[in-house]
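Fold and contact review
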Amino acid sequence: MKAVWRVIQAEWFKGLRKRRLYVLAGLWWVLLPVLTIVLARVLQTTVSGSFVDETGILVPTALQAIASPNGAAGVQLAIPAFLSPSAYVLAVTLLTAAAIGEERSHNMWKTTLVAEPSRLAVLWGKLITVMLQLGLLTVGAFLTGVLAGAIGSTFLGTNWSGDWGALIVLYVRQWLHLTSLTLLAALLIFVLRNVTLGIVATFFLPVFLEGLYSIWRATVGFQPLNRFNALFQALELQQTLEALPRWFFTNNLYLPARSVAEPLTRDLAANAADLQDSPFAMLLGSDLTLSHAAWVMALYGVVFAVLLSIAFVRRDVS
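Below you will find a few notes about this structure. (Residues numbered from 1 in each chain as written. Predicted model: local features only at pLDDT ≥ 70, side-chain atom pairs only at ≥ 80, totals over all residues. Heavy atoms only, no water.)

**Observations regarding unusual backbone geometry**
Condition: Comment: elements are numbered from the N terminus, with helices defined as DSSP H or I runs of at least four residues and strands as E runs of at least two.
Residues S84 and P85 are joined by a peptide bond in cis, for which omega reads -5°. For P85, the location among the structural elements is in the loop between helix 4 (69–82) and helix 5 (87–105). Of note in this structure, R193 is not a glycine but carries a positive phi near 60°.

The following block contains the structure:
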């Protein structure tokens, strides 16, 4: 543990002097909440009192949902998960690349491992530091969202109501889910021996594999019986393949953040029955639960951690 703690101290000292951490903080802590409050103000001035809001209920409800202290904090959690590519994967890959990839870029692995001979201590000290940095960014996002909402409440007419306990739990869950993404990024960056290629692979490999499934399901499908899917149905694999999106990495990774928008997602699902049998139904995520997502991400995390530990201990470094 002492060796891990020494690595954490060294990595934290180095990380605080990296510009990327402050750029990520500026985008997440400043730009996003400011844009949220500006959008809310525009909505209030342009839509309030118009035919769109004849009842006078729509705009106040929308403002409370996105610009109240609770709502703005929820936006801080949800919006990064709906971007493409996700802001979460951007933050994870940039921080992991600094911890894992830059040692190779500067030919420093030999020096680092001589200073701290335990390879596992070096590896896990670096990964724990990345998670602590992500935790700092996450806590900052929550606090700046609350602050922005509090400022906005002075002229938007919002209040402090909301399920604060549930929101905090979603923040914690999303941060824990990022552990699996961090392990995946570290594995790809280390195994591919190229920071840029590792970052690109982390961005697009899960999405690419899941996209291949979507294309296959859209073109071949499961019904009616045809020469392409007859074998799958004969082997009773149809139900398993149809349920495969429940185990997709990205569907479960971002579920806590996307759950903030669950009411809107539920309405979309109810009004888009024609999408239920399409490959795009997985985007609605209505059949996933937070407990299921937690188990799935834990499983992915264990697999990535084992593979990364084996590769890091056995593979030569330069």
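There is more to say after this.
**Quick look at the packing of helix 7 (residues 119–156) against helix 15 (residues 290–314)**
Heads up, the condition is: All axes are obtained by fitting lines to C-alpha atoms, using only the stretch in contact for helices, and the reported angles, taken between N-to-C directions, cover 0 to 180 degrees. Should an angle fall under 35 degrees it is called roughly parallel, over 145 degrees roughly antiparallel, and 65 to 115 degrees roughly perpendicular, with every other angle called oblique. Left-handed describes a crossing whose near helix is turned anticlockwise from the far helix by less than a right angle; the clockwise case is right-handed. Should any heavy atoms of two residues lie within 4.5 Å, those residues are considered in contact. By the convention adopted, Pro, Cys, Tyr, Trp, Phe, Met, Ile, Leu, Val and Ala count as nonpolar, Lys, Arg, Asp and Glu as charged, and the other residues, Gly among them, as polar.
Interhelical geometry of helix 7 versus helix 15 gives an angle of 135° and a closest axis separation of 9 Å. In terms of axis orientation, helix 7 runs oblique to helix 15. In the crossing of helix 7 with helix 15, the sense of the turn from one axis to the other is right-handed. Where helix 7 approaches helix 15, its residues R119, L120, V122, L123, W124 and L127 are matched on the opposing element by A305, L308, S309, F312, V313 and R314. For the contact of helix 7 with helix 15, the per-class residue count stands at nine nonpolar, one polar and two charged.

**Points about the pattern of salt bridges**
Short version of the rule: Salt bridges are counted wherever a side-chain nitrogen of Lys or Arg sits within 4 Å of a carboxyl oxygen of Asp or Glu. When a residue's accessible area, from a 1.4 Å probe over protein chains only, is under 20% of the maximum for its type it is buried; when over 50% it is exposed; and in between it is partly exposed.
Tallying each qualifying case throughout the model produces two salt bridges. For E11, the salt bridge identified is with K14, shortest N-O distance 3.4 Å. With E11 and K14 both in helix 1 (residues 2–15) and three residues apart, the pair spans about one turn of that helix. The exposure class of E11 is buried, given its relative accessible area of 9%. Each of E11, K14 and K126 takes part in one network of salt bridges that share partners.

**Some remarks on helix 7**
To keep it simple, the criterion reads: The span one expects for a helix is its residue count, reduced by one, times 1.5 Å.
Across its 38 residues, helix 7 extends 54 Å between first and last C-alpha, which sits within 8% of the 56 Å expected from 1.5 Å per residue. In the stretch just after helix 7, G157 is the one whose phi turns positive, near 80°.

**Considering the packing of helix 2 (residues 19–47) against helix 3 (residues 58–67)**
Running from N to C, helix 2 and helix 3 point in directions that differ by 175°, and their axes come no closer than 10 Å. Judged by the angle between their axes, helix 2 and helix 3 are roughly antiparallel. Between helix 2 and helix 3, the contacting residues are T36, I37, A40, L43, Q44 and V47 on the first element and V59, A62, L63, I66 and A67 on the second.

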